[in-house]
Amino acid sequence: MTIRLHNTLTRRVEELTPLDPSNVRMYVCGPTVYDYAHIGNARAVLAFDILFRLLRHEFGADHVTYARNITDVDDKIIAAHQASGEPIGSITERTTKAFHEDIAALGALPPNVEPRATQHIGEMIALVETLLAKGHAYATEGHVLFDVTSMPDYGMLSRRNRDELIAGARVEIAPYKKDPADFVLWKPSTPDQPGWVSPWGRGRPGWHLECSAMSEKHLGATFDIHGGGIDLIFPHHENEIAQSACAHGHGTFAKIWMHNGFLSVEGEKMSKSLGNFITIRDALKQHHGETIRLAMLKTHYRQPLDWTAEGLKQAKSTLDRLYRVLLEIRPIQNAHAPLSVWAASDTTNIHPKFLEALDDDLNSPMALAVLNTIADGLFNDRGSDEGVIVAAAELLRSANLLGLLREDPEAWFKWQPAGAGGGLSDGDIDASIQARLDSRKAKNFAEADRIRKELADAGVILEDGPNGTTWRRG
Ligand code: AMP
Ligand code: ZN
């Protein structure tokens, strides 16, 4: 199977031919840690989490290196510190930890390396020195700037002309710049700002420099895939290319550039001022992480995604249906538990059409359609036990590749949001079910019915089966 991916550099879908199939390398721009991550950030994380999972499946988990950085030195972090007085180290530690918790709840796998900018200052200074030595940068007034006129094909990724480059960069016309489009590699820090000793005085790196230095350190001067949100094409990725290609030679750096589309909320740009800003943390108070994940995956990663209450509702009902089928076939599965298909590792039994969809530039909507088709088959025609087991294994293993259907089906239906408040606890429900059973034994059917209704009014549905009563939250 070959994986085909859209390359922003060529604006085409291309076959992925790894430089070294025994070590496929991917770098994705991670968060700037000064606040809780929002669901737009989650989209970028999940888009590349799917790719990471697919690469691991195709090349083997030990043959993929995924690096996603943490930007822990940035003017936004300094501004957050000035606003609250919280020490910078505390802000970055706290928000990094929150980021890890939030995306883990969405089922994102940790990357193999998670380099932090503040731990790579030496590499950044060395990169600036190389650019200076090669005539691609100049030092002035404590700053070091990249000289865009030194690179004839500057702008190759965003394909902007010079005027657009200048306007798009929103570059201040600083007196120390030779050209308005020149960008900062290194800048001076005042005593109250974080800073490191450098040949150009005490200062700190520019954001673009951080990713060029960290990707080189962990993946080498040339690697396979570089990703991020579409907003990063210019100036961030354009400038990363300028730095790395000028330092290491043209033709180096990432081969395939991938960008996820933006996320809007109920048709509007997400922003704090519009009051529609949703952190991952808040979304998780109302929705299960898998629901959020599936709501993202229903849209192809390159398309714009509109985040709506309706979309979440649909995602939840799709998952309910998939978990329901798993619950229904459970007796068959239990009867055949020793069959090897259930003992197989996570990545066997993937449905070929499902894989075909993902291999085609991560067509997750198509892959989800395949899952639904397998579920349809299981609902409509059970056929032989053998057939059910194979189909169920395909459903489960394929969904697992997307990071879905990871819950126990019974636990799925019992789950309630942490923010639900006032709901019955699992223990309350079990106690009521026992009381109902006791009433029935005592032939007090009116009381048994009353208890069933009381639970139904609280959103708890009882199902009496041969092995006793089970319940789920409706
Ligand atoms: P930031 O912390 O703003 O640098 O963003 C981290 C990652 O999230 C980058 O890859 C951004 O492109 C991505 N991102 C930020 N906002 C959105 C959004 N609304 N929709 C999709 N991706 C986003
Ligand atoms: Zn970056």
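Placed above this text is the structure.
In short, a report on the structure. (Residues numbered from 1 in each chain as written. Chains lettered and ligands numbered in written order. Predicted model: local features only at pLDDT ≥ 70, side-chain atom pairs only at ≥ 80, totals over all residues. Heavy atoms only, no water.)

1. Things to note about the coordination of the zinc ion (ligand 2)
Point 1. Those donors, Cys29 (SG), Cys211 (SG), His236 (NE2) and Glu240 (OE), are the protein atoms that reach the zinc ion (ligand 2), and they lie 2.0 to 2.7 Å from it.
Point 2. With four donor atoms in place around the zinc ion (ligand 2) and angles of 74 to 130° between them, the coordination shape is irregular. (Donors = N, O, S within 2.8 Å, 3.2 Å for Na, K, Ca; no water. Tetrahedral: all angles 85-135°; square planar, octahedral: opposite > 155°, others 65-115°.)

2. A closer look at unusual backbone geometry
Point 1. Residue Pro235 is reached from Phe234 by a cis peptide bond, and omega for that bond is 0°.
Point 2. Locating Pro235 in the fold gives a position in helix H7 (residues 233-248).
Point 3. Even without being a glycine, Arg159 presents a positive backbone phi close to 55°.
Point 4. Looking at the element boundaries, Arg159 is found in the loop between strand S6 (143-146) and helix H5 (162-169).
Point 5. One non-glycine residue, Leu362, lies in the positive phi region at around 55°.
Point 6. In this structure, Leu362 sits in the loop between helix H13 (352-359) and helix H14 (364-380).
Point 7. You can call Leu362 buried: its relative accessible area is 4%. (Helix = DSSP H or I, 4+ residues; strand = E, 2+ residues; numbered from the N terminus. Buried < 20%, exposed > 50% of the residue type's maximum accessible area, 1.4 Å probe, protein only.)

3. Some remarks on the site of ligand 1
Point 1. Surveying the vicinity of ligand 1 reveals 15 residues, the closest of which are Gly40, Asn41, Gly229, Asp231 and Leu263.
Point 2. Interatomic distance of 3.4 Å between a backbone N/O atom of Thr32 and an oxygen atom of ligand 1.
Point 3. In the model, a nitrogen atom of ligand 1 is placed 3.1 Å from a nitrogen or oxygen of the Gly40 main chain.
Point 4. In the complex, the protein chains occlude 88% of the 490 Å² of accessible area that ligand 1 would expose alone.
Point 5. Taken together, the elements giving at least two residues each to the shell around ligand 1 come down to helix H1 (39-59) and strand S9 (222-229). (Near = heavy atom within 4 Å. Polar contact = N/O pair within 3.5 Å; in protein donor to acceptor, adjacent residues only side chain to side chain. Areas by Shrake-Rupley, 256 points an atom, 1.4 Å probe, with all protein chains shown as cover.)

4. Observations concerning helix H18 (residues 445-457)
Point 1. For H18, with 13 residues, the first-to-last C-alpha span of 18 Å sits near the 18 Å given by 1.5 Å per residue.
Point 2. Turning to H18, its buried residues number three or more, namely Ala448, Ile451 and Leu455. The buried side chains of H18 occupy one side of the element, clustering within an arc of 60° when seen end-on. Pointing more than 90 degrees away from the buried face of H18 are the exposed residues Ala446, Asp449, Lys453 and Asp457.
Point 3. On its buried face, H18 sits against helix H17 (426-441) and strand S14 (460-465).
Point 4. Taken from the residues just after H18, Gly459 is the one with a positive phi, measuring 85°. (Expected span 1.5 Å × (residues − 1). Arc of directions from axis to C-beta. Contact = heavy atoms within 4.5 Å.)

5. Notes on the sheet that holds strand S12 (residues 268-269)
As a general point, the strands of a sheet are linked pairwise by backbone hydrogen bonds and lie either parallel or antiparallel.
Point 1. Reading across the sheet, the three strands line up as S12-S11-S13 and stay open at both edges, with mixed pairing between neighbours. Each of the sheet's edge strands pairs with one partner strand only, and the pair in question is S12 and strand S13 (305-307).
Point 2. Pairing analysis gives two bridges linking strand S11 (residues 263-265) to S12, with the strands arranged antiparallel. Across the sheet, the residue bridging to Ser264 is Lys269, located in S12. (Pairing = 2+ DSSP bridges.)

6. Looking at the side chain of Asn363
Point 1. Along the chain, Asn363 falls in the loop between H13 and H14.
Point 2. Those residues in contact with Asn363 that sit more than four places away from it in its chain are His300, Ala357 and Leu358.

7. Here's the deal with the environment of Leu109
Point 1. Structurally, Leu109 can be placed in the loop between helix H3 (88-105) and helix H4 (121-133).
Point 2. When residues no more than four places from it in sequence are discounted, the contact partners of Leu109 are Asp49, Phe52, Arg53 and Arg56.

8. Concerning the packing of H1 against helix H9 (residues 289-297)
Point 1. In the contact formed by H1 and H9, the axes pass within 10 Å of each other and the chain directions differ by 80°. Judged by the angle between their axes, H1 and H9 are roughly perpendicular. Taken together, the residues of H9 that come into contact with H1 (itself represented by Ile39, Ala42, Arg43, Leu46, Asp49, Ile50 and Arg53) are Arg293, Met296 and Leu297. (Axes fitted to C-alpha atoms, helices over the stretch in contact; angles between N-to-C directions. Parallel < 35°, antiparallel > 145°, perpendicular 65-115°, else oblique.)

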